[in-house]
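# Structural overview for review
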Amino acid sequence: MKSKYFYLIFLILQILFLKLLSFYPEWVEKYYSNSFYVISSKILRTNLGNLSISLGDCLYGGILFFIFGWFWQQRKTWKTHKKQNLLAIVRFLSIFYFVFHVLWGFNYYREPLFEKMQLQRDYTNSELLLFTQKLITKTNAIQHQITHNDSIKVSFPYSQERVFQMSLEGYKQLAKTHPFFTYNHLSIKKSLISLPLTYMGFSGYLNPFTNEAQVNDLIPMYQFPIVTVHEMAHQIGYASESECNFIGVLAATQHPNLYFQYSGYSFALRYCLGNWQMRDKKTLESLLKTIHPGVLQNYQESENFWKKYESPIETAFHVFYDQFLKANQQTEGMNSYSKFLNLLLDYENKTHLLRL
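Structure report, in brief. (Residues numbered from 1 in each chain as written. Predicted model: local features only at pLDDT ≥ 70, side-chain atom pairs only at ≥ 80, totals over all residues. Heavy atoms only, no water.)

In this section: the overall build of the chain. Summing up its helical and strand segments, the chain has 15 helices and 3 strands in all. Rg of the C-alpha trace for the chain: 22 Å, near the compact-globule value of 21 Å for 356 residues, within the 12% margin. Principal axes of the C-alpha set define a box for the chain whose edges measure 70 × 40 × 40 Å. Taking all 356 residues of the chain together, 49% fall into the buried category. (Helix = DSSP H or I, 4+ residues; strand = E, 2+ residues; numbered from the N terminus. Rg over C-alpha atoms; globule rule 2.2 N^0.38 Å. Buried < 20%, exposed > 50% of the residue type's maximum accessible area, 1.4 Å probe, protein only.)

On inspection of all chains with the given rule, the structure shows 31 aromatic pairs. Measuring from ring centre to ring centre gives 5.1 Å for Phe 6 and Tyr 7, while their planes differ by 85°; the resulting arrangement is edge-to-face. For Phe 6, a relative accessible area of 47% puts it in the partly exposed group. Three or more aromatic residues link up through ring pairs in this structure, and these residues are Tyr 60, Phe 92, Phe 96, Phe 100, Trp 104, Tyr 108, Tyr 205 and Phe 209. Above the plane of the ring of Tyr 183 lies Arg 45, whose end atom (NZ or CZ) is 5.0 Å from the centre. (Phe/Tyr/Trp six-rings, centres within 6.5 Å; stacked < 30°, edge-to-face > 60°. Lys NZ or Arg CZ within 6 Å of the ring centre and 35° of its normal.)

Attention now goes to a nonpolar patch on the surface. A grouping of Leu 8, Ile 9, Ile 12, Leu 13 and Leu 16 is seen on the molecular surface, where their side chains present a nonpolar patch of about 450 Å² in accessible area. Mapping Ile 9 onto the fold places it in helix 1 (residues 6–21). (Patch = residues over 30% accessible without salt bridge, like charges linked within 9 Å, V, L, I, M, F, W, Y side chains within 5 Å. Areas by Shrake-Rupley, 256 points an atom, 1.4 Å probe, with all protein chains shown as cover. Salt bridge = Lys/Arg side-chain N within 4 Å of Asp/Glu carboxyl O.)

Moving on, we come to helix 12 (residues 281–288). The set of residues buried in helix 12 consists of Thr 283, Leu 284 and Leu 287. For helix 12, the angular spread of the buried residues around the axis is 105°, confining them to a single face. Buried residues along helix 12 sit against helix 6 (125–147) and helix 11 (258–279). Measuring from the backbone nitrogen of Lys 282 back to the side-chain oxygen at the start of helix 12 gives 3.1 Å, which picks out Asp 280 as the cap. (Arc of directions from axis to C-beta. Contact = heavy atoms within 4.5 Å. Polar contact = N/O pair within 3.5 Å; in protein donor to acceptor, adjacent residues only side chain to side chain.)

What follows deals with the environment of Thr 177. Looking at the secondary structure, you find Thr 177 in helix 7 (residues 160–177). What makes Thr 177 partly exposed here is its relative accessible area of 37%. Sequence separation of Thr 177 and Phe 100 is 77 residues, and the distance between their C-alpha atoms is 31 Å. Apart from the residues within four sequence positions on either side, Thr 177 is in contact with Gln 254 and Leu 353.

Right, let's get into the sheet that holds strand 3 (residues 212–215). In space, the 3 strands of this open sheet follow the order 1-3-2, with mixed pairing throughout. Since the sheet does not close on itself, it has two edges, and those belong to strand 1 (188–190) and strand 2 (204–207), each with one partner. The average undirected angle you get between the axes of adjacent strands in this sheet is 25°. Both strand 1 and strand 3 contribute to a ladder of 3 bridges, which runs parallel. Paired with Ile 188 across the strands is Ala 213, a residue of strand 3. Running over the sheet, helix 9 (residues 224–235) touches strand 1, strand 2 and strand 3 and is turned about 155° from strand 3. (Pairing = 2+ DSSP bridges. Axes fitted to C-alpha atoms, helices over the stretch in contact; angles between N-to-C directions.)

What follows is the structure, given as structure tokens:
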């Protein structure tokens, strides 16, 4: 009788353990993120990186097929075997939860990057304004350097596969300054479920069970590099979305290639503009007048793309993911994506490595 409730007890113990673990980020940083995870992720990326297709997408497809098949089989006998079926669901969730955390999820509980790099969390309006103006100057300059015309949008000349290979160079440059951002063993794939991802409103994701970085191959190409390096940041053990945005911007802007730099700077600038949209619309209007029309065309390209796929599915998944993030140490949920500006602004003030 006791064995029937083993997985239920195991699931409860896991949840309690994670609550306790949240008080010991230094322990997670030392013994998991910089020890066990380094080895396990290396094994996965080394063995799966050369596969031409995404094993992680296939794995998720298989799991969904199994779940739907199981529920279909149980539909007629659900009432008579309700307790048994509920215990089977708990068993699945308990094992899934355990494997998820062992292979990647414990990274949610590691030491915050702002502590590790001694960066501040807050900034004033005047600091944000100066930073935004610098980003505009830099983004405009790169756009003109690429197109030789302020009014022409940046069109990406490289294939998506080429972007994956080129992304390594950004991390090589970044690791010269910050060795803890070292990336080895490339394992990045175009997602087999890019269309569903688009309807859900996602540009990419990391599969925690295979450590493959998945990139939505339908998104506008000027965004492709920043999405790629963002997902690579997840691969080296950073779970926070704001931290991965921060790391991704550093890897893109320190890349020697102008198109990567443009992808990184225009991404950071767009978040700054979004911040001004909430803070002061008059300031936003003033800032928009100083941005090259070609840059604004790229932004419009992205906006038009996502508008085509707006649906209740996107809203539902964003609500789900918002709650998922809040349950995993990111208390601001989906809003945590924009919090990388706190890190980025203070990083630029202290190091000037963004070359603004």
